[in-house]
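# An overview of the molecular structure
Below, each chain spelled out in residue letters.
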Amino acid sequence: MKKTLFSIAIVALSAIVMAACNNKGTTGAAGAEGANSDEPTGTKVSLCAKTYEADTLMLSCDFWYPDNAGMKEIEEYDTFNARKTLVDSTENVKFKAYLAESSTYPSHKQSAKENYPESYKEFKVGGYDAFAYDSNKKYTVEVLLENISETTDRYLEIEVDQLMMKSDGPGGKEFFEQNEKVKSIVNSIKYNGAVKKTMELQ
């Protein structure tokens, strides 16, 4: 009888340990929501921006592009911690991402609705509200990451453009909808919120 009880206890303990191991890495907000906390595969690009919340904090957001995507990160005149640019010369694409905290998101959205009604579209990106529009072969996607007050939002602005502007190939919305690599980059967005400041921000 004692052996039987001991065996049952061992089996129960093993089940608890296995369950704990399987749940490892899913704690915190992401775990509570059931999101996968594992980082996507590929090359990570990190964006960091200033926040009004505190001088000791910064906004943080990451995204990934596939290792075989033929893309590379370049520096432009407007490159800084919060804005990064990727290019792919083979597929003639420029991918620019900008992390911001400001009051301009609602006005951007309203302006896009009024000025680009034919291409304007609302959808979800990783559970976040987003809108997009096409302007002269440049497709702009704005993802609302967090609303922190009546006048301030945190959002990610993405521009998908042609690298060589006079190309006859697809651009803007058409390119975005056809290119799985670009869509995978957009869908890989991971917003980290306000985190401890680790660098001097421009």
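Residues numbered from 1 in each chain as written. Predicted model: local features only at pLDDT ≥ 70, side-chain atom pairs only at ≥ 80, totals over all residues. Heavy atoms only, no water.

### Structural notes on the pattern of salt bridges
- Summed over all chains, the structure comprises 13 salt bridges.
- For Glu 73, the salt bridge is made with Lys 84, and the minimal N-O distance between the two is 3.8 Å. With a gap of 11 residues between them, Glu 73 in strand 3 (residues 72-74) and Lys 84 in strand 4 (residues 83-88) connect regions that are remote in the sequence.
- For Glu 73, a relative accessible area of 39% translates into the label partly exposed.
- Here Lys 84 falls in the buried class, since its relative accessible area comes to 17%.
- Here Arg 83 makes a salt bridge to Asp 78, at a shortest N to O gap of 3.7 Å. (Salt bridge = Lys/Arg side-chain N within 4 Å of Asp/Glu carboxyl O. Helix = DSSP H or I, 4+ residues; strand = E, 2+ residues; numbered from the N terminus. Buried < 20%, exposed > 50% of the residue type's maximum accessible area, 1.4 Å probe, protein only.)

### Thoughts on the packing of aromatic side chains
- This model, assessed by the stated rule, comprises seven aromatic pairs.
- On the numbers, 6.2 Å between centres and 55° between planes, the contact of Phe 80 with Tyr 98 is tilted. Taken as a pair, Phe 80 in the loop between strand 3 and strand 4 and Tyr 98 in strand 5 (residues 93-102) lie far apart in primary sequence, 18 residues in all.
- The exposure class of Tyr 98 is partly exposed, given its relative accessible area of 22%.
- Ring centres of Tyr 105 and Tyr 155 lie 5.6 Å apart, and the angle between their planes is 50°; on these two criteria the pair is classed as tilted. Here Tyr 105 is found in helix 3 (residues 105-115), whereas its partner Tyr 155 is found in strand 9 (residues 153-162), with 50 residues between them in sequence. The pair formed by Tyr 105 and Tyr 155 is uniform in burial state, with each residue classed as buried. (Phe/Tyr/Trp six-rings, centres within 6.5 Å; stacked < 30°, edge-to-face > 60°.)

### Points about the pairing of strand 7 (residues 128-135)
- One ladder, built from five bridges, connects strand 6 (residues 121-125) with strand 7; its direction is antiparallel. The residue bridging Lys 121 from the neighbouring strand is Ala 132, located in strand 7.
- A loop of two residues connects strand 6 with strand 7, the two strands running antiparallel in sequence, and Gly 126 in this loop sits at a positive phi of about 60°.
- Across six bridges, the pairing between strand 7 and strand 8 (residues 138-147) is antiparallel. Bridge assignment links Ser 135 to a residue of strand 8, and that residue is Lys 138.
- Connecting strand 7 to the antiparallel partner strand 8 that follows it, the hairpin turn spans two residues, and Asn 136 within it adopts a positive phi of roughly 55°. (Pairing = 2+ DSSP bridges.)

### Here's the deal with helix 5 (residues 180-187)
- Of the residues making up helix 5, those classed as buried are Val 182, Ile 185 and Val 186. All buried residues of helix 5 lie within an arc of 100° about the axis, which places them on one face of the element. In this structure, helix 5 carries Glu 180 and Asn 187 as exposed residues pointing more than 90 degrees from its buried face. (Arc of directions from axis to C-beta.)

No statement about biological role is implied by the geometric values presented.
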